[in-house]
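Breakdown of the fold
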Amino acid sequence: MPAFIIGSGTSIPDRVVSNEEIAPSLGLDPEQIFKSSGILRRRWAEAGTTTSALASVALQTAITDAGVLPEEIDYLIFGTMTPDRLIPGSAPTVQRTLGLGQIPCLDIRQACCNPLYALQIATALIGSNLASRVAICLAEIQSAWLDMSPESGTTSMLFGDGASALIVSGDTSSNSLEVIDIALATDGSYVDDLGVRGPGTEFGTAASGNENSKPRMVGQSVILNASRKIMAACQDVLKRNSLQVADIRWLVPHQANANLLAQIARGLHFPVENGGLISVLEDLGNTSSASMGIALDSLRRSARISPGDYLLLPAFGAGFSWGAGLCRATS
Amino acid sequence: MSLPQAVLDFLNENAQREGNPAPGPNDDLFKDGALDSFALIDFVTLLEEHTGIKVPDKDVNPGNFQTLDAVERYIETHKG
């Protein structure tokens, strides 16, 4: 049975944080931040805002967009690296907040690949008749975790807060996207090149205030692997569906860095002149799990998608994990 | 040896886009804007295509490709 994205939503915090505001503490120049990332500003949530609160707003919007009732949702998947609590996951809080039924609630933690993993799980659940309407929350409040010292400048300059949500259904509707394929891969050799080491059993249970609780990024390794592996994933998913890059109308990547997005488009020979590369980086920064969903929601709401359009959704993140999704707009 | 023209064109165009002249043999390619972390990936791919060498992932870092002379030395050392 096919699965369709029939609704989407976004929730973005109000507070705009410019490069000019963060550059001094990070020991960087505002123009340098823009030049190396394509980011002009990001949004940060007010202190005390929970990730599930942001996600709940996005999901309510997606439910309304899909034209379904909350009680029709029969599975909830929540992808985040910045959960409300260590235990339990954040999905149960969203279930309670929105008054969903007593349905399965699953938290996943595949970092920036969360959207692809969530879509693959949702598609499999629907395909196996275990669920008929799956809600996906993708949310991060990263600002609370950032090290705003020069030592972490080129990492912390990237990240913003935000949430997106998708409704995946076995039934199609107007403005829906059929999930055609999802290709995923992981190479655990790089677990230390991108991520946060603690708290955990390997580096200790201290929650903050030490080196292991700070985000880590080995820039050149991330750039090299992201550009090569994303391109390979895109080519893989196209090949196994007998498609060419020329068949793709919309490229909706994980919003990591504008230079990486441009490089992917260049490497794939994807034409950017017709506005097919979707980026929300300039205003929102890298919102990790949430970013692809935010970009996809902005594209859906722009009403620029035509029936039959193919969308390619590549992502790369901690692990390293990477992959690409393929969707087609229904008529 | 001299570097393939396609490789030199890539570096020169990047430098010129940053308002700098074509880099000389010992100019810092990263300071001149001929290379940055992202352009380095495209640069290595070009090198592989035009010189026949294979650059292992662990070698893709600015230290190996800081100047034109360093690039030439790298190619000489890694030719099959």
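What counts as what
Residues numbered from 1 in each chain as written. Chains lettered and ligands numbered in written order. Predicted model: local features only at pLDDT ≥ 70, side-chain atom pairs only at ≥ 80, totals over all residues. Helix = DSSP H or I, 4+ residues; strand = E, 2+ residues; numbered from the N terminus. Rg over C-alpha atoms; globule rule 2.2 N^0.38 Å. Buried ≥ 20, exposed ≤ 12 C-beta atoms within 10 Å, placed from the backbone. Contact = placed C-beta atoms within 7 Å. Nonpolar A, V, L, I, M, F, W, Y, C, P; charged D, E, K, R; others polar. Domains from an automatic or database assignment. Pairing = 2+ DSSP bridges. Axes fitted to C-alpha atoms, helices over the stretch in contact; angles between N-to-C directions. Parallel < 35°, antiparallel > 145°, perpendicular 65-115°, else oblique. Left-handed = near helix turned anticlockwise from the far one by under 90°. Core = buried A, V, L, I, M, F, W, Y, C linked by C-beta atoms within 7 Å.

Once that is clear, we can look at the overall build of chain B. The number of helices and strands found in chain B is three helices and zero strands. Reading the secondary structure of chain B in the N-to-C direction produces α-α-α. The C-alpha radius of gyration computed for chain B amounts to 11 Å, which stays within 12% of the reference 12 Å derived for 80 residues, consistent with globular compactness. Expressed as a percentage of the 80 residues in chain B, the buried residues total 25%. Summarising the internal contacts of chain B: among those between residues at least 6 apart in sequence, 48% fall at separations of at least 24.

Moving on, we come to the interface of chain A and chain B. The interface is formed by eight residues belonging to chain A together with seven residues belonging to chain B. Elements with a minimum of two residues in the side of chain A that touches chain B: α7 (219–239) and α8 (258–268) of chain A. If you tally residues by element for the side of chain A that touches chain B, the top one is α7 of chain A, at five residues. The residue makeup of the side of chain A that touches chain B, split by class, is three nonpolar, five polar and no charged.

This part is about the domain arrangement of chain A. All names here are of chain A. Parsing chain A into structural domains produces domain 1 (4–172) and domain 2 (178–329). Taken together, the contacts link 47 residues of domain 1 with 40 residues of domain 2. If you tally residues by element for the side of domain 1 that touches domain 2, the top one is helix α5 (residues 114–127), at seven residues. By residue class, the composition of the side of domain 1 that touches domain 2 is 22 nonpolar, 19 polar and six charged.

As paired elements, strand β1 (residues 4–11) of chain A and strand β8 (residues 177–186) of chain A share two bridges and run antiparallel to each other. By the bridge assignment, I5 of chain A is partnered in β8 of chain A with L177 of chain A.

Moving on: the sheet that holds strand β5 (residues 105–108) of chain A. All names here are of chain A. Spatial strand order, β5-β4-β6-β7-β1-β8-β13-β12-β11: nine strands in an open sheet with mixed pairing. The strands lining the two open edges of the sheet, one partner per strand, are β5 and β11 (248–251). Geometrically, the sheet is characterised by an average inter-axis angle of 25° between neighbouring strands, direction not taken into account. Examined bridge by bridge, strand β4 (residues 75–79) and strand β6 (residues 133–140) share five bridges and lie parallel to one another. Residue pairing in the sheet places I77 in a bridge with I136 of β6. Across the sheet, helix α3 (residues 51–66) is in contact with β1, β4, β6 and β7 (162–169); its angle to β1 comes to roughly 135°. Packing against the sheet, α5 makes contact with β4, β5, β6, β7, β8, β12 (310–317) and β13 (321–329), and its axis sits at approximately 120° to β8.

The contact between α7 of chain A and helix α2 (residues 37–51) of chain B brings their axes to 9 Å, and the two run at 50°. Between α7 of chain A and α2 of chain B, the interaxial angle falls into the category oblique. Viewed along their axes, α7 of chain A and α2 of chain B form a crossing whose handedness is right-handed. Of α2 of chain B, the residues touching α7 of chain A (which contributes G219, Q220, I223, L224 and S227 of chain A) are S37, F38 and I41 of chain B. Classifying every residue of the contact of α7 of chain A with α2 of chain B by side-chain character gives four nonpolar, four polar and no charged.

A word on the nonpolar core. All names here are of chain A. Grouped together as the largest cluster of nonpolar side chains are 117 residues, with contacts concentrated most on A122, I136, C137, A165 and V168. Residue assignment places this core across two domains, with domain 1 (4–172) and domain 2 (178–329) each supplying three or more. Beyond its immediate chain neighbours, meaning those up to four positions away, C137 contacts A55, A58, L59, F78, V94, A163 and A165.

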